Structures are given as structure tokens and as C-alpha cells.
Amino acid sequence: MADTSITGKLSRLRNLPRIQAINHFISSPAYIALIGLLTVISNLFGAELLVYTTFVAFGIYICLFCDDCLSVMPIVICCYIAPSTQNNPGSNKDSIFFPQNGGIYLIALGVLFVIALIFRLASDPDLGGKRFFSQKRKLLAGMLILGASYYLSGIGYEKYGELALRNLTFATVQFASVAACYYVFAGAVRWDKAPKDFFCWVGLMVGAVVLAEILGIYLSGKAIVNGTIRWSNIVTGWGIHNNMGGMLAMMIPFPFYFANRSSKGWCFHLLAAAYMAGVCMTCSRTSMLFGGLVYGGCLIYTLIRSRSKWAWLLYAVAAVIAVLVFHKALYSIFRDLFEKGLSLSNRDTIYREGFKQFLNYPVFGGTFYAIDYPMIEFSTVGAFSAFFPPRWHNTIIQMLASCGSVGLIAYCIHRAQTVWLFVKQRTFEKTFIGLSILVLLGTSLLDCHFFNVGPTLFYSMALIFAEKSQKV
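Conventions adopted
Residues numbered from 1 in each chain as written. Predicted model: local features only at pLDDT ≥ 70, side-chain atom pairs only at ≥ 80, totals over all residues. Heavy atoms only, no water. Core = buried A, V, L, I, M, F, W, Y, C linked by side-chain atoms within 4.5 Å. Buried < 20%, exposed > 50% of the residue type's maximum accessible area, 1.4 Å probe, protein only. Contact = heavy atoms within 4.5 Å. Helix = DSSP H or I, 4+ residues; strand = E, 2+ residues; numbered from the N terminus. Expected span 1.5 Å × (residues − 1). Arc of directions from axis to C-beta. Phe/Tyr/Trp six-rings, centres within 6.5 Å; stacked < 30°, edge-to-face > 60°. Axes fitted to C-alpha atoms, helices over the stretch in contact; angles between N-to-C directions. Parallel < 35°, antiparallel > 145°, perpendicular 65-115°, else oblique. Left-handed = near helix turned anticlockwise from the far one by under 90°. Nonpolar A, V, L, I, M, F, W, Y, C, P; charged D, E, K, R; others polar. Polar contact = N/O pair within 3.5 Å; in protein donor to acceptor, adjacent residues only side chain to side chain. Lys, Arg positive; Asp, Glu negative; His and termini not counted. Salt bridge = Lys/Arg side-chain N within 4 Å of Asp/Glu carboxyl O.

J.: I'd love a proper account of the nonpolar core, names of residues and values included.
T.: By size, the foremost hydrophobic cluster in this structure holds 127 residues, and its most contacted members are Met73, Tyr150 and Val206. Among residues more than four places away in sequence, those in contact with Met73 are Phe185, Trp191, Phe198, Phe199, Met461, Ile464 and Phe465. Among the nonpolar cores identified, the runner-up in size contains seven residues, and Ile350, Trp392, Ile397 and Ala401 belong to it.

Encoded structure:
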């Protein structure tokens, strides 16, 4: 007798030829490209409400009708990089992300997606239920320890009560960005059926989206003033030039992954070069440094493996010609960058003050907020900056100042687990995912990317994909 329950009906619908055809598309690189295209439209044209509605519609469909929830991954990261400049909540009090301007609608969309996800996990015995909770999560213990240190931040500070709500809110956001995607996708994906290169396609798409957003800023005429790039004008709805540069630098390994896998590797070589050029266009020195290191390392590795050794000569000749022909123009355009040189832009002072805060509160730190040092607010909107404090521009200093020695120990435990994850049972996919994470960690030594939501969401998904990817 046929199962007449909602679960039974949905199970039968998933086997219909039309549904199977749609699901085949949703598991393909073409779907990932579509999500990327919608993200660019949102960012360049301020179409967030339309695009987020479409994203949630995709997400609900995936939860109800697809084999698993793997295809939600590109939506998660694209929700972060979709906001347009005019809807930046850090600079525009009329942004749609505030409740009175559209935020309630966005929250309702999120609730609908969560309901669909919970329904699938509660009703599907092959994907959810006990199987979901019993799924092995190797990094969970370290993440929980790290999260606990976030929540203990500031305990012992004499005026902790004044900052408690804000501090706990920020701790929750940071912990969720590290652990939520890792935990959910560990159990909501049939990892034995997941395409090995799916996450590399996601990384490739994210890089293309961020590059398109950077080009959009340049084409708007805001970036270049009197023939010189003004890095302070390179701003989008989800961050400044450092944020864009850091995110794009993290994606550089993925074109090289496909350059090593594809018969048309030259296309991906060009894309990797475009990503590196995009990083330079942001004038983010930290991103240029670590992006350049990973670009150079991947390039050398790829060319060594290449069957055509002429590629070495081609790259060398092209680089020399570019420098000889365009060196004056390049110097003029990047004049501000060259004049900044190796200046730490006050970071040395920030680090000293952060360490002082640690010395004053060595066990649990002095909360995520600077106590005695007037940090420069990156937001001009009080409702936003009230819960998103300025950061210390270095992961180690951040943990010491905010969470004390307990926090640094917790971070080291988590980091040791992640290093072991990538050292043990290496695969080709894990190697390039690991390089992306390495860029995040490197740039976070001079910037605050590990304490920005977007890069850490990507990091969280990268970790679970690396953990569950099968050894070949």
C-alpha cells in the first residue's frame, strides 16, 4: 500500500523524471554559475530582495526535493557577498537589512528556509533523524571549545555588565559562522554521492563574483580619481577594499585546481591571473602579499606538472613585456599604494594596545570591545556598530585581547585539529581547499578576516567538505 503521508508523497515526487531533471541541473556547475550571476545582479543593481527571495525558493526546493542539501552551499556564501553599496548596513541607515526597511521580510525568508530544512531532517530517515546527529564530526570538539572561549570573553572585567548583551551577541555570531555550516552540512549531505570537485566549483564562482563586483566599482568611475586609484573608494555592500581583496585572494587556488584537472587548463590559468589582478585592483596590501604567495606557488606547481614546458617561457616573456610597457602607467595608477609602502597603517599601535588589554585581563580577556583604546569605528551607523565592534587586525592579538589566554588555547586546539585534517589522508581536492584556508589565516595575521562573517562561513563549509572528501 502506498505511503499517503507528506513524507511518502515527497519521496515519490523526487523520483519523477521532471524533478530528476531539475535536480540534475541543481547539482551541476551551471547551477553554481546561475547563483553567481544572481549575486552579481544583486550587488550591482541593488536587487537584494528579489535575489534573496529567489535564493530561498531554491533553498526550500533543495530541502524538499533534492537528494540532499549540498547545493545550498553556494547560496550560503552568496547571501553574504550579494549586498549592494546602497544597502550597506554599515554606512546607510536606510539599508534594507534593518527591520523597518525590509529586514523583517528577510527574516521571514530565513525562517521559511529553516522550517523546510528542519522538516527534511526530521522526516527523512535516510538523511535526517538519528543519522543526522550521529554523523561523525571530527572538528566539532575543537569548535565547541573555541565557541566556549567566545562566550567566556570578558568574564572578570569590572564593567562587563554594561557590555554583556553586545558581547554575547557578537560571540554568538562568530561562533555560528565557524560551526553552524560545518555541523549542518556534515549531516545534511550524502557525502558518498557528493561530487569531489563541487566545492572547488563554488570557490571558482565566488572568485568570479567578487571580481565582477570589483570591476563594477571601477566601471562606476569611483575607484580612479585623477588617474590614481583611491583605495578608500573601493567599497561595496559587504565590505571595504581589504574585505574584497581578502575574499578574492582566498579563491585563487581554485582556478589552479581546474588548470591541473582540465584539458583546457589555459582558460583557468587566465582566470587565476584575472583573480590576482583583481586582488591588486583592491589595493589591499595584505591580500596582495598572501594572494601573490599562493598564486606564485600554485603557478610553479601547475607549470611543473604541465606537459607543455613552453608555458614557462610564455609567462616569463609576458611578465617582462607588461612591466616594460606599462611600468609608468602602473606606478601612476597605484601611486597611493606605493606611497604607503610597508607602512603598518597604525597596526603596530593597535597590536600594542590589544596586548595591553590582554595583560589587564589575562584569563578571559576584556570582551570583544576595546576598553581603554579608542579604536576607529568602521561603521557610521550606530545600530550596526553597536553589535559589530572594531577588530584588532590580528587573530592572535584578537584572541588574547578579547578572550585572554583561555581563548588563545582554545584557538590553538581548533587550529591543531584543522592542520591534522589536511595533513592526514591528503587528496588533490583537500590540498587546494587547504590553500584557500591558508590564505584566510595568513591575511588574518594583518587583518580581521577570521572575525568577519563571510570568510568564516566559507571556511566552515570548506572544513566539512575537506573532512568528508574521500581519499582516491
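Past the structure itself, the notes keep going.
J.: Kindly report on unusual backbone geometry, identifying the contributing residues and their values.
T.: The phi dihedral of His393 is positive, around 60 degrees, even though this residue is not glycine. Examined against the element boundaries, His393 turns out to sit in the loop between helix H18 (382-385) and helix H19 (395-423). Its identity as a non-glycine residue notwithstanding, Gln425 has a phi of 50 degrees, on the positive side. Relative to the helices and strands, Gln425 resides in the loop between H19 and helix H20 (428-443). Judged by relative accessible area, Gln425 falls into the partly exposed class, the value being 46%.

J.: Now, about helix H17 (residues 347-360): what can you tell me, with residues and values included?
T.: Taking 1.5 Å of rise per residue, 14 residues should cover 20 Å, and H17 covers 20 Å from first to last C-alpha, within 8% of that figure. All buried positions along H17 are accounted for by Arg347, Ile350, Tyr351, Gly354, Gln357 and Phe358. Viewed along the axis of H17, the buried residues span an arc of 120 degrees, placing them on a single side of the element. For H17, the secondary structure elements touched by its buried residues are helix H11 (241-250) and H19.

J.: Explain the packing of aromatic side chains residue by residue, including any values.
T.: Taken as a whole and assessed by the stated rule, the structure comprises 31 aromatic pairs. Each ring, one from Phe25 and one from Tyr31, has its centre 6.3 Å from the other, and the planes form 85 degrees; the classification is edge-to-face. Ring geometry for Phe355 against Phe358: centres 5.5 Å apart, planes inclined by 45 degrees, an arrangement best described as tilted. Within this pair, Phe355 and its partner Phe358 are both found in helix H17, separated by three residues, close to a single helical turn. For Phe355, a relative accessible area of 38% corresponds to the partly exposed category.

J.: A description of the packing of helix H8 (residues 140-151) against helix H9 (residues 160-188) should follow, citing residues and the corresponding values.
T.: At a minimum axis separation of 8 Å, H8 and H9 run at an interaxial angle of 165 degrees. In terms of orientation, H8 lies roughly antiparallel with respect to H9. The crossing of H8 and H9 is right-handed. Of the residues in H9, those touching H8 at Leu140, Met143, Leu144, Leu146, Gly147, Tyr150 and Tyr151 are Tyr160, Leu168, Ala171, Thr172, Gln174, Phe175, Val178, Ala179, Tyr182 and Tyr183. Residue composition of the contact of H8 with H9, grouped by class: 14 nonpolar, three polar and no charged.

J.: Requested: an account of the packing of helix H14 (residues 285-305) against H20, with residues and values cited.
T.: Where H14 meets H20, the closest approach of the two axes is 8 Å, and the angle between their N-to-C directions is 160 degrees. Of the possible angle classes, the one that applies to H14 and H20 is roughly antiparallel. Here H14 and H20 pass one another in a crossing that is right-handed. Taking contact as the criterion, the partners of Thr286, Ser287, Phe290, Val294, Cys298, Tyr301 and Arg305 in H14 are, on H20, Phe428, Phe432, Leu435, Val439, Gly442 and Thr443. Looking at the contact of H14 with H20 residue by residue, the class counts come to eight nonpolar, four polar and one charged.

J.: Tell me about the side chain of Ser149, and name the residues and values.
T.: Turning to its location among the elements, Ser149 is positioned in helix H8. One polar contact links the side chain of Ser149 to the main-chain carbonyl oxygen of Leu146, over a distance of 2.6 Å.

J.: Hey, could you go over the side chain of Lys468 for me, with residue numbers and the actual values?
T.: Relative to the elements of secondary structure, Lys468 occurs in helix H21 (residues 453-468). One buried charge, Lys468, has no salt-bridge partner; the nearest side chain with opposite charge is Glu467, at 4.2 Å. Within the structure, Lys468 has its side chain in polar contact with the backbone oxygen of Lys136 (distance 2.7 Å). Setting aside residues no more than four positions away along its own chain, Lys468 makes contact with Gln135, Lys136, Ala186 and Trp191.

J.: Kindly report on the pattern of salt bridges, identifying the contributing residues and their values.
T.: Applying the stated rule across the entire model yields six salt bridges. Residue Arg261 pairs with Glu429 through a salt bridge whose shortest N-O separation is 3.5 Å. Taken together, the residues Arg261 in helix H12 (residues 253-261) and Glu429 in helix H20 connect sequence positions 168 residues apart. We note a salt bridge from Asp447 to Arg347, for which the minimum N-O separation is 2.8 Å. One end of the pair, Asp447, is in the loop between H20 and H21; the other, Arg347, is in helix H17, and 100 residues separate them in sequence. With a relative accessible area of 3%, Asp447 lands in the buried category. Its relative accessible area of 10% is what places Arg347 among the buried residues. Taken together, the salt bridges that share partners define one network made up of Arg120, Asp124 and Arg190.

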